Each structure stands twice: as C-alpha cells, then as structure tokens.
Amino acid sequence: ETGVTQSPTHLIKTRGQQVTLRCSSQSGHNTVSWYQQALGQGPQFIFQYYREEENGRGNFPPRFSGLQFPNYSSELNVNALELDDSALYLCASSLFPGAAVGNTIYFGEGSWLTVV
Amino acid sequence: KNEVEQSPQNLTAQEGEFITINCSYSVGISALHWLQQHPGGGIVSLFMLSSGKKKHGRLIATINIQEKHSSLHITASHPRDSAVYICAVGSQGAQKLVFGQGTRLTINP
C-alpha cells in the first residue's frame, strides 16, 4: 500500500456533465501529479501541483483543471465531459517535483471514469 | 515515434521461465522507472534507476545510458507475476514522466 488514496474508485457520468476526482497524497509529499490512462495505453501527463501551485501541464484542454490544498491533497476537475474522457485517472505523489533518482513516486489505485 | 518504446507488447510464458522486457527511449533522462500495474489499475514502483543495475528478489533492472535502453528481467517467473509492466522516463528539469505503452505479461502454471 502506497499511502496515496483516490476517490471515487469508479464512476459513470453523462456527456456534458462535470466530474471531480480526489487524491490524498503520501504523508510529507508536497507534489501531486495527475495522469490519464486510456484503455491499452500508457498514462499521459495532465498536470502537476507543487505547494498549491500548478507546476507544469500536459497537452490537455482547459476544461481539465485542478487544485491542491494546504494539506497537499488534490482535486482534478473535468468540465463538459466527452466520451473520450473515459479512462483511468491516476494520481501520483512525490517529495518534490522532478524525476531524479531518490524522488520516489507513489501512485494511487486510480479512478475509473466512464462517460456515456 | 513515441519517446518511450517497449517490447514486446504482449508476452506469454510458462511458470519458471526467464522473462525479459525491453524499453528504449529517445530523450535525455534523469531517471527511468519500471512500474507494475495489476488489472485493478493501481501502479507499483519496482525500480528507479539512472545507471547500472538494480536487483530486488527475482527482479533485475538494467540500464545503458549510452544506448538509451533498459531491460527488466524476471527470474523463475510465477503466475503472480502476471501484470502489465510499464517503463517510464523522467527528463532533467521536467515535471512529468513519459510512459511506454506497457507490456502485458501472462505466466501460465
């Protein structure tokens, strides 16, 4: 168990609706990254939050937005849901940004989103 | 061409066989990760390395920085090793990991 918890684990939404996914990071970790993983694909970087500020963003439209709270937990919000947003959304926490050896990254179990 | 390529995409073997999964990347990196993903979706970090070789139990990971290539080996494979194995790289100064598409490993008893 990594200590990174995500909720909800599964949800179904209708096209056009909005969704909020939540992530509690590993204790002491101030960096949270969100990834989208479509079926049969590797995860794709959505954005990263470091000390409550966005610290890098992937190639996702503005309807994907996020927040990080003072306790370093994080939310991913997706507006105007499209069918292609159906995917596994993964949260990953680390002690600090960057990918240096020693900065272990811990992943949550993910939130499975289905848009119908 | 993807920045991170894995091979094979699918691998089926018998229990006890020696398994090798390969990963090639095209960018300069500060660290390479080998990850394991079970059907439920959660991802577990197996190794993070920037040079040489690491071993943990029956798993061995190697990396050749000059050739931009890494391998994950599993000795004495077991059905419980069945999972998707993913290679991911982190570049210096970049926030994100770039992932390969994964290798689906099935070990039959």
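Within any chain, residue numbers begin from 1 and follow the written order of that chain's sequence. Whichever chain is written first is A, and whichever ligand is written first is 1; the rest continue in order. Owing to the predicted nature of the model, reporting of local features is limited to residues with pLDDT of at least 70; listing and counting of side-chain atom pairs is limited to 80 or more, with chain, interface and lining totals taken over all residues. To get the side-chain values, all heavy atoms of the structure are used, and hydrogens and water are removed first.

Chemist: I'm lost on the environment of N22 of chain B in this one. Help?
Modeler: All names here are of chain B. Each helix is a run of DSSP H or I of at least 4 residues and each strand a run of E of at least 2, with the numbering of both proceeding from the N terminus. Mapped onto the fold, N22 is located in strand β3 (residues 19-25). Separated by twelve residues in sequence, N22 and W34 place their C-alpha atoms 10 Å apart. Contact between two residues is taken to exist if any of their heavy atoms lie within 4.5 Å; hydrogens are not considered. Dropping the residues within four chain positions of it, N22 is found in contact with E5, Q6, S7, W34, H69, S70 and S71. Among the polar contacts made by the side chain of N22, one reaches the side chain of H69 at a distance of 3.5 Å. A 3.5 Å cut-off defines polar contacts: any pair of N or O atoms within that distance qualifies, except that in protein one atom must be a possible hydrogen donor and the other a possible acceptor, and neighbouring residues in sequence count only when both atoms are side-chain atoms. In this structure the side chain of N22 is engaged in a polar contact, spanning 2.9 Å, whose partner is the side chain of S71.

Chemist: What's the story with the pairing of strand β4 (residues 31-37) of chain B in this structure? I'm lost.
Modeler: Each regular strand shows side chains that alternate between the opposite faces of the sheet. All names here are of chain B. Burial here depends on accessible area, computed with a 1.4 Å probe over protein chains only, as a share of the maximum for the residue type. Under 20% is buried, over 50% is exposed, and the range in between is partly exposed. Among the seven residues in β4, seven count as buried, and that is most of the element. The side-chain alternation of β4 yields two buried faces, one formed by A31, H33, L35 and Q37 and the other by L32, W34 and Q36. Here, a strand pair is defined by DSSP locating no fewer than two bridges between the strands. Relative to strand β9 (residues 83-90), β4 runs antiparallel, the two being bridged by seven bridges. If you follow L35 over to β9, its bridge partner there is I86. Bridge count between β4 and strand β5 (residues 43-49): six bridges; the pairing is antiparallel. Among the inter-strand pairings, L32 is bridged to a residue of β5, identified as L49. Here β4 hands over to β5 after five residues, with G41 in that stretch at a positive phi of 115 degrees.

Chemist: Whenever I open this one, the environment of S70 of chain B confuses me. Can you help?
Modeler: Residues and elements named next belong to chain B. Mapped onto the elements of the fold, S70 is located in strand β8 (residues 69-74). It is 9.9 Å that separates the C-alpha atoms of S70 and S50, two residues lying 20 residues apart in sequence. In contact with S70, not counting residues within four places along its chain, are I21, N22, C23, L32, W34, T62 and I63. Side-chain polar atoms of S70 contact the side chain of W34, separated by 2.9 Å.

Chemist: Before we go on, may I ask you to explain the pattern of salt bridges in this structure?
Modeler: All names here are of chain A. Salt bridge, as applied in this entry: a Lys or Arg side-chain nitrogen positioned within 4 Å of an Asp or Glu carboxyl oxygen. The tally for this structure, following the rule as stated, stands at five salt bridges over all chains. Between E75 and R22 there is a salt bridge; the shortest N-O distance is 3.5 Å. Note that E75 is positioned in strand β8 (residues 74-78) and R22 in strand β3 (residues 19-24), a separation of 53 residues in sequence. Note on E75: relative accessible area 14%, which makes it buried. Between R63 and E82 there is a salt bridge, and its shortest N-O distance comes to 3.3 Å. You can see R63 sitting in the loop between β6 (53-57) and β7 (64-68) and its partner E82 sitting in the loop between β8 and β9 (87-94), a full 19 residues away along the chain. Under the relative-accessibility criterion, E82 is labelled partly exposed at 40%. A network of salt bridges, in which partner residues are shared, links R63, E82 and D85.

Chemist: What should I look at first to understand the nonpolar core in this one?
Modeler: Side chains of nonpolar character tend, in soluble globular proteins, to be buried together. Core analysis: the biggest nonpolar cluster contains 24 residues, and L32, W34 and V89 of chain B have the highest contact counts within it. Grouped together as the second largest cluster of nonpolar side chains are 20 residues, V32, F47, Y49 and L76 of chain A included. Put simply, buried Ala, Val, Leu, Ile, Met, Phe, Trp, Tyr and Cys residues joined by side-chain atoms within 4.5 Å make one nonpolar core.

Chemist: I would appreciate a short explanation of the interface of chain A and chain B in the present structure.
Modeler: Listed by partner, the interface residues are 24 residues for chain A and 25 residues for chain B. Here the quantity called buried area is the accessible surface, traced with a 1.4 Å probe, that two parts lose on coming together, added over both. The contact between chain A and chain B buries some 1800 Å² in all, and 60% of this surface belongs to carbon and sulfur atoms. Contact with chain B buries surface across chain A, with A99, V101 and F107 of chain A losing the most and accounting together for 30% of the total. Taken together, the links from chain A to chain B amount to zero salt bridges.

Chemist: What exactly am I supposed to notice about the confidence of the model for chain B here?
Modeler: How sure the predictor is of each residue is captured by pLDDT, a score from 0 to 100. Here chain B averages 93 in pLDDT, and 99% of its residues register 70 or above. Considering each helix and strand of chain B separately, the mean pLDDT is smallest for strand β10 (residues 97-99) of chain B, with a value of 91, and largest for β8 of chain B, with 98.

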